[in-house]
Each structure stands twice: as structure tokens, then as C-alpha cells.
Amino acid sequence: MALGKLSAQTQYQNSGWFMFVNNTKFNEKWGLHLDFQLRSSDDIKHVRNMLFRPGITYYINSKQNITLGYLLTQTYNPEFDLIDVSPDIILNRTANEHRIWEQYILNHKIKSVFASHRLRLEQRFIERSLVQPGSDEHIFAQRFRYFFRLIQPLQKAEASFDKGAFVALQNEVFLNFQNKDKLNNSVFDQNRLYLAAGYRFSKKVDLEVGYMNQAIKTTIGHTNNSIVQLAVYTRF
């Protein structure tokens, strides 16, 4: 069966993601978070999503921090042909979503493994891509996300990990808790399981590539997305 086709209400896709994440400390207590992402459509035909996510971070101590931020994400659908659509319906090629988000991060070590846990709340302002003229639909929803990440250096473990090759395992679950009936009518939104290999060039720069399995609950079933991701992390 061809990828992207429905089978038992499950849609299978393949895509590629690029992610750049930066954390800059202004002083002992305050810093800036910024991440930028590009995500392709099925079979990497074109760029489907762009995400821009800045935030202000307060460092509670060396292991804990909290961040308040904003996100803009755009979904691009070039396959929408406006000429062939009924004059009573407009298919927007670009749909925007704005978010306010709050998060808490805890970092710790388990023997030679460096672990990180992230709790994030999102207030989502979603623009529907299918609208009637003069009656654009906008939805407000809230979502909770729990993320953990484990990094295992491939050389002898030290108190800190400053340089060398590593492997990483992470998972993130997304749960809807407000207005889920306007999204997928489910508390469960999606899960992202990710395995990567990378290299830490210094305390300031990581480069990694990995495979992610994204399982999404939709209104008609599920989408299973196989993703190759290239990620760059910087710290200043």
C-alpha cells in the first residue's frame, strides 16, 4: 500500500525535520530561549511547517529553570488549488497558530546518563485552514506536554560532559485538556519517540541526527509519521 493512504484509519507518512535550539544566559538567573524548526510534508515534497519559539528563562538553580514564551507556527499547503474550489469555500494555503507557553525543566544525572525532564503548558490560538468567506474560524485550546531526554556519552563518564560522541533517547506525550472536542475529541493528542546519535563539539555546540516516530490521534483515526531529524543545539 502506498504511503500516505488510509488503512484501517491509520495514515502512514515519511518526513524530514530540522531543529535549531539556543539557550543564552544573560547572568546567573536570567536567559533567553530560542528554537526554530522546519518540517516537511509527506515524502519530503515541500516545507509544511515553520515554527519560531522565543522565551525568557529564569534559572532557579543549576538543575532547574522555568520559561515563559511565545510561539508562531505556520502550516503551508501548496497543494490547495484555489481555482478548482467552489466560490463559497476558501482553502487557505497558509494557516497560522499562535501559542503562549510555560515550562519547567529539571536536569539530573543517573550514573553516567544525563537526564532532563520538561513539563510544558500551551495556550493555543489556532486558525482553521478551511473557512467560509467572512467567517474565519479561530479556536482556543490548551495542551499539556511531558518530555524526558536521556544522553549517554560514548566515552568515560565525568562529572560533566563537555566534548565527544553520544547517543540520546527521548519521548514526549501531548495531552489536550481544554476544547479537545474542537480538535480531535480526545485527551491524547500525540506521542513522539526519538533515538539519535550526535557529537558535542564543546560545552556550547551539539550536532545530532536521529529517527523519530510521531503517533498522532486525528478525528478519523491515527497518523503514524516516520521522521528523520537533524538538530543543532547551542548554549552561550
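Details of the structure are given in the entry above.
Please read these numbers as outputs of a predicted model, since none were measured by experiment.

J.: How would you explain a nonpolar patch on the surface if you had to name every residue and give the values?
T.: A cluster of nonpolar residues, Phe18, Phe36, Leu38, Val47, Phe52, Tyr199, Phe201, Leu207, Val209, Val228 and Leu230, forms a patch on the protein surface that exposes about 880 Å² of accessible area. Breaking the nonpolar patch down by element, the ones donating at least two residues are β3 (30-40), β4 (47-59), β12 (188-202), β13 (205-217) and β14 (222-235). Counting through the fold element by element, Phe36 comes out in strand β3.

J.: Tell me about the packing of aromatic side chains, and name the residues and values.
T.: Per the counting criterion, the structure on display carries 6 aromatic pairs. Both rings, one in Phe161 and one in Phe166, keep their centres 6.0 Å apart while their planes meet at 80 degrees; by these two values the pair is edge-to-face. When its relative accessible area of 1% is taken as the criterion, Phe166 is described as buried. For the ring pair Tyr199 and Phe201, a centre distance of 5.1 Å and an interplane angle of 65 degrees mean the geometry is edge-to-face. Using a relative accessible area of 45% as the deciding quantity, one classes Phe201 as partly exposed. Three or more aromatic residues joined by ring pairs make a cluster, and in this case those are Phe114, Phe161 and Phe166. Positioned above the aromatic ring of Tyr59 is the side chain of Lys25, whose terminal nitrogen or guanidinium carbon lies 4.3 Å from the ring centre. Positioned above the aromatic ring of Trp17, the side-chain terminus of Arg39 is 4.0 Å from the ring centre.

Definitions and cut-offs
Residues numbered from 1 in each chain as written. Predicted model: local features only at pLDDT ≥ 70, side-chain atom pairs only at ≥ 80, totals over all residues. Heavy atoms only, no water. Patch = residues over 30% accessible without salt bridge, like charges linked within 9 Å, V, L, I, M, F, W, Y side chains within 5 Å. Areas by Shrake-Rupley, 256 points an atom, 1.4 Å probe, with all protein chains shown as cover. Salt bridge = Lys/Arg side-chain N within 4 Å of Asp/Glu carboxyl O. Helix = DSSP H or I, 4+ residues; strand = E, 2+ residues; numbered from the N terminus. Phe/Tyr/Trp six-rings, centres within 6.5 Å; stacked < 30°, edge-to-face > 60°. Buried < 20%, exposed > 50% of the residue type's maximum accessible area, 1.4 Å probe, protein only. Lys NZ or Arg CZ within 6 Å of the ring centre and 35° of its normal.

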